[in-house]
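Per-entry structural report
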Amino acid sequence: MIPTSVSNPNGPRPIVAVCGALGKQGGAVIRALADDNVFSLRAITRKSKNAPAAEDLLALPNTVICQADYDDSKSLLEAFQGCYGVFAVTNYFEAGRNEEEQGRRIVDAAKACGVKHFVWSSSPDADGKVPIYHSKATVADYLKSSGVPYTTISVPTYYDSLFHLFQKTVDANRYRFTSPYPTNSPMPAVDISDFGASVAAIFLDPEEWTGKDLNPANERITPQKLVQDFQEAFSPEEGDAVTVDVLYNLTIEEFRALPSDTPELLGLKSNLDFFLENQDAWSTDLAKRLHPEIKTWKDYCIQRHDSMTNILDSMQALYFEGDQIIESVAAEDAHAPAEEVTTPDSVFPGGRGRSQSTIKVDIEIIEVSHEADIETTNERDEMEM
């Protein structure tokens, strides 16, 4: 049942503006809201409504595309005019030191337009220890002091990102798992479509969720369980089972002793340290309250098997010298909450995705563009806006 504060049976549908609508988070949110078919939707993006990436959005019911820029207050005011709700997310790796200013500008525009419910994609307060969390947490504090009715929702690691920790080798049934995270320590993770459904649930029940800070996670899963479920999901019913070679098999103490320039950490050791020290910060019970049909990691692997296999094939990078394989690599950066690339996402939201991987065969360099994750677009500069 739609709360009376949202429903308006005798008037036009309330409008929700979704920032970063061409991105991973924004794209998931606007599709979930479109499926609920309660609100009129404004897909906010820097791109032209005629951009190829916008075609899928134009096919959604009750949806229009509106151009706006986080660095342009006037465009945000125009985008939010007449809106009941706003969902917003920013990108640390694009904005850098300007991320906090961008977030404040979005909040100010929402307040000026009389927005009744602002859902902010935030991060836990890590006391400044995790750079990609700090600005979002600071903006969350600013939002709370603004007087705009709000809900904050924090995003842990995406299932999509965990998947890219598995690298294909020359053997069709063999993979490498490259995460140095302690083998038996749980890490919070979320399916991006379930995240979108959770945000839709927040908008549909403002009486329940307004004024709250939410940290839902589909699962708190250890690297050991990641590998086990991946093997079971990818092994054929008949024939050879999939084998996963684990690059690291570390205790907590061994992980903490790793230098910050360890290649697989990619400068994001502070994020992993935060997950390790705050394993209860994200709640699976909350995720089920928001969206009872959440996927497990194994559900995700089974559902995405075919498309995931295609991506793994494209990521395979081999350097040959004669008949001997010298090296198998997949050149991918670590991310987050990122947003919107057709390329594989990096390990954390907001991270640095690449639009291409480099494959080395003999001396020739071949660039391969990843095309499989249709939920996202192939334009790097639109990652979260």
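Here's what I pulled together on the structure shown here. None of these values were measured; they are calculated from a predicted model.

1. Brief notes about the overall build of the protein
The number of helices and strands found in the protein is 15 helices and 17 strands. Sorting the 385 residues of the protein into buried and exposed places 57% on the buried side. When the accessible surface of the protein is summed, it comes to about 16,200 Å², and 47% of that surface belongs to carbon and sulfur atoms.

2. Things to note about the packing of aromatic side chains
This structure, assessed with the given rule, holds 17 aromatic pairs. Here F166 and F230 contribute two aromatic rings whose centre-to-centre distance is 3.9 Å and whose plane-to-plane angle is 5 degrees, an arrangement assigned as stacked. One end of the pair, F166, is in strand β8 (residues 166-168); the other, F230, is in helix α10 (residues 223-234), and 64 residues separate them in sequence. Of the two residues examined, F166 and F230, each falls in the buried class.

3. Details of the sheet that holds strand β12 (residues 219-221)
Ordered by their spatial adjacency, 3 strands build an open sheet running β7-β10-β12, and the pairing between neighbours is mixed. Two strands close off the open sheet at either side, each with one partner strand: β7 (157-158) and β12. Summarising the sheet, strand β10 (residues 187-190) and β12 pair through 3 bridges and their orientation is antiparallel. Within β12, the residue paired with P188 across the bridge is R220.

4. Side note on the nonpolar core
Soluble globular proteins: nonpolar side chains tend toward being buried together. Formed by 39 residues in total, the largest nonpolar core has its most connected members in L33, F39, F87, F195 and F203. Taken together, the elements giving at least two residues each to this core come down to β1 (15-19), α1 (24-36), β2 (40-45), α8 (192-204) and α13 (284-290). The element best represented in this core is α8, accounting for 8 residues. Residues Y133, L165, I221 and L265 belong to the second largest nonpolar core, which totals 35 residues.

5. A word on the pattern of salt bridges
By the definition in use, this model includes 16 salt bridges. Here K295 and D191 are joined by a salt bridge, their closest N and O atoms 3.1 Å apart. Pair noted here: K295 is in the loop between α13 and α14 (297-303) and D191 is in the loop between β10 and α8, with a separation of 104 residues, a long-range link. Like D191, K295 is buried. A salt bridge links K212 to E208; the nearest nitrogen and oxygen atoms lie 3.3 Å apart. Since its relative accessible area comes to 26%, E208 is described here as partly exposed. Through salt bridges with shared partners, one network takes in D71, E101 and R105.

6. Let's talk about the packing of helix α5 (residues 99-112) against helix α6 (residues 131-146)
The N-to-C vectors of α5 and α6 enclose an angle of 25 degrees; their axes lie 9 Å apart at closest approach. Between α5 and α6, the interaxial angle falls into the category roughly parallel. Crossing of α5 against α6: the hand is right-handed. For the pair α5 and α6, contact is made by E99, E100, G103, R104, V107, D108 and K111 and by S135, K136, T138, V139, Y142, L143 and S146, respectively. Counted by class, the contact of α5 with α6 contains 4 nonpolar, 4 polar and 6 charged residues.

7. Things to note about unusual backbone geometry
Residues other than glycine seldom take positive phi values, yet N37 does so here, at roughly 60 degrees. On the secondary structure map, N37 appears in the loop between α1 and β2. Positioned with a positive phi, N62 is a non-glycine residue whose angle comes to about 55 degrees. Summarising the element assignment, N62 is placed in the loop between α2 (55-58) and β3 (63-67).

8. What to know about the environment of N62
A relative accessible area of 34% places N62 in the partly exposed class. The spacing of N62 and S40 is 22 residues in sequence and 5.0 Å in space, taken between C-alpha atoms. Not counting residues up to four positions away in its chain, the partners in contact with N62 are R13, N37, F39, S40 and L41. Reaching out from N62, the side chain makes a polar contact with the side chain of N37 at a distance of 2.9 Å.

Calculation notes
- Residues numbered from 1 in each chain as written.
- Predicted model: local features only at pLDDT ≥ 70, side-chain atom pairs only at ≥ 80, totals over all residues.
- Heavy atoms only, no water.
- Helix = DSSP H or I, 4+ residues; strand = E, 2+ residues; numbered from the N terminus.
- Buried < 20%, exposed > 50% of the residue type's maximum accessible area, 1.4 Å probe, protein only.
- Areas by Shrake-Rupley, 256 points an atom, 1.4 Å probe, with all protein chains shown as cover.
- Phe/Tyr/Trp six-rings, centres within 6.5 Å; stacked < 30°, edge-to-face > 60°.
- Pairing = 2+ DSSP bridges.
- Core = buried A, V, L, I, M, F, W, Y, C linked by side-chain atoms within 4.5 Å.
- Salt bridge = Lys/Arg side-chain N within 4 Å of Asp/Glu carboxyl O.
- Axes fitted to C-alpha atoms, helices over the stretch in contact; angles between N-to-C directions.
- Parallel < 35°, antiparallel > 145°, perpendicular 65-115°, else oblique.
- Left-handed = near helix turned anticlockwise from the far one by under 90°.
- Contact = heavy atoms within 4.5 Å.
- Nonpolar A, V, L, I, M, F, W, Y, C, P; charged D, E, K, R; others polar.
- Polar contact = N/O pair within 3.5 Å; in protein donor to acceptor, adjacent residues only side chain to side chain.

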